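Structure at a glance
What follows is the residue order along each chain.
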Amino acid sequence: MRIAMFSTKPYDRRSFDAVNEGTRHEILYLEPRLAPLTAPLAAGAEAVCVFVNDDLGAAVLERLAADGTRVVLLRCAGFNNVDLAAAERLGMKVARVPAYSPHAVAEFTVGLILSLVRGIHRAYQRTRDGNFALEGLLGFDLHGKTVGVLGTGKIGAIVARILAAGFGCRVLAHDVRPDPALVGIGVTYAAPREIAAQADILTLHCPLTTETHHVVRADTLALAKPGMVLVNTSRGGLIDTDAVIDALKSGQLGGLAIDVYEQEADLFFEDLSNEILNDDVIARLLTFPNVLVTGHQAFFTAEAMGAIAEVTLGNASTIAAGRALGPAEVTLPGRAVKGG
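As the structure is a computational prediction, the values presented were derived from the model and not from experiment. (Residues numbered from 1 in each chain as written. Predicted model: local features only at pLDDT ≥ 70, side-chain atom pairs only at ≥ 80, totals over all residues. Heavy atoms only, no water.)

**Observations concerning the pattern of salt bridges**
Keep this limit in mind: Any carboxyl oxygen of Asp or Glu within 4 Å of a side-chain nitrogen of Lys or Arg constitutes a salt bridge here. Three exposure classes are used, based on accessible area relative to the maximum for each residue type with a 1.4 Å probe and protein chains only: buried under 20%, partly exposed in between, and exposed over 50%. Elements are defined by DSSP. Helices are runs of H or I of four residues or more, strands are runs of E of two residues or more, and each kind is numbered from the N terminus.
The tally for this structure, following the rule as stated, stands at ten salt bridges. A salt bridge links Arg63 to Asp67, with the nearest nitrogen and oxygen atoms 2.9 Å apart. For Arg63, a relative accessible area of 39% translates into the label partly exposed. The closest approach of N and O atoms between Asp200 and Lys225, which form a salt bridge, is 2.7 Å. Pair noted here: Asp200 is in the loop between α8 (192-198) and β9 (201-204) and Lys225 is in the loop between α9 (218-223) and β10 (228-232), with a separation of 25 residues, a long-range link. Its relative accessible area of 32% is what places Lys225 among the partly exposed residues.

This is the structure in structure tokens:
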């Protein structure tokens, strides 16, 4: 199968080339993101391979279909950037990577929590400058604290287990499908507002849908326990960033750690160190001493990259052979499997 892969970096090429030695697909690596202006680059390709910030709206899909593309290969789990109704209308198959390494994202989430509440990232910067003072670095124990986990799919469930069994936290969770195994280790399911009111730390692990868009906003933050720490390694659109900034300024929110950002498409995965940030919102966030921002890094482990390449190219081989995709296939929104 001829595949046009958008948003590629050197690490994508390395992982996909290693796997492709056994599958023999023809891969055209393209650095630009998929968008209306770049869609013609895929002309003649049977499939496009895309990542989280690529545009797969109706206009882009129509252009791709007109140029012969019939398959969308998502090298990620989430599919909120795909117009699934348009894809079905155009007869395009959409396949994703349901799970690549949930441990990668879960472990990174816990790393963000520890770094933020113990000031590890700030201490590193200080000691690099010869400052070994402890003033301003006072943290708190995780043991005995209440942690809210919104979304207990593969990633959220691992986070809940690490925090409950490993750190001795009281874990409150919410999901449309409660996990009996988590209940068995002491996790309690509750309503989101109840969780916000009790949680010392709230971590988000749900897919981005119309129902979860800005699930953390001004009214929910007003109900939160004063000083609550918020962590998001799922999708940027889960939080209303302006409302979060207001809560940080008032002290209602005690800290923020994010690996995703709603307007990340023009920022993340790029080196902008020699440029002036044109995004005033992210620039404001970076001024807070109790805010930690990383650039969509949580998934980025050797194990995850290998799994992503293997499953993505496996999906291509399955489609090329005319076989059913199974759980990797993404269907219409009403029947869609859960993204993450």
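**Here we look at helix α12 (residues 302-320)**
So the rule is basically this: An expected span of 1.5 Å times one less than the residue number is assigned to each helix.
With 19 residues, α12 extends 27 Å from end C-alpha to end C-alpha; this agrees with the ideal 27 Å at 1.5 Å per step. The complete set of buried residues in α12 reads Ala304, Met305, Ala307, Ile308, Ala309, Thr312, Leu313, Asn315, Ala316, Thr318 and Ile319. Phi for Gly322, located one or two positions after α12, is positive at around 80°.

**Concerning the environment of Ala39**
Put simply, the test is: Residue contacts are counted whenever heavy atoms from the two residues lie within 4.5 Å of one another.
The topology assignment puts Ala39 in the loop between β2 (26-29) and β3 (47-50). Classification of Ala39 by relative accessible area gives buried; the value is 1%. Sequence separation of Ala39 and Leu64 is 25 residues, and the distance between their C-alpha atoms is 6.3 Å. The contacts of Ala39, once residues within four sequence positions are left out, are Leu34, Val60, Arg63 and Leu64.

**Brief notes about unusual backbone geometry**
Phi at His214 is positive, roughly 55°, even though this residue is not glycine. Relative to the helices and strands, His214 resides in the loop between β9 and α9. Relative accessible area serves as the criterion here: at 19%, His214 is assigned to the buried category. At Phe269, a position not held by glycine, the phi torsion is positive, near 75°. Mapped onto the elements, Phe269 comes out in the loop between β11 (253-258) and α11 (280-285). You can call Phe269 partly exposed: its relative accessible area is 23%.

**A few points about the packing of helix α1 (residues 10-20) against α12**
Worth spelling out the cut-off: Lines fitted to C-alpha atoms define the axes here, with helix axes fitted over just the stretch in contact, and angles between the N-to-C directions of these axes take values from 0 to 180 degrees. An angle counts as roughly parallel when it lies under 35 degrees, as roughly antiparallel when it exceeds 145, as roughly perpendicular when it falls between 65 and 115, and as oblique in every other case. Left-handed describes a crossing whose near helix is turned anticlockwise from the far helix through less than a right angle; right-handed describes the clockwise counterpart. When residues are grouped by polarity, Ala, Val, Leu, Ile, Met, Phe, Trp, Tyr, Cys and Pro land in nonpolar, Asp, Glu, Lys and Arg in charged, and all others, Gly among them, in polar.
Running from N to C, α1 and α12 point in directions that differ by 55°, and their axes come no closer than 9 Å. In this view, α1 runs oblique relative to α12, as classed from their interaxial angle. Note that α1 runs across α12; the crossing there is right-handed. Across the interface between the two elements, Tyr11, Asp12, Ser15, Phe16, Val19 and Asn20 from α1 touch Met305, Gly306, Ile308, Ala309, Glu310, Thr312 and Leu313 from α12. Residues that form the contact of α1 with α12 fall into these classes: seven nonpolar, four polar and two charged.

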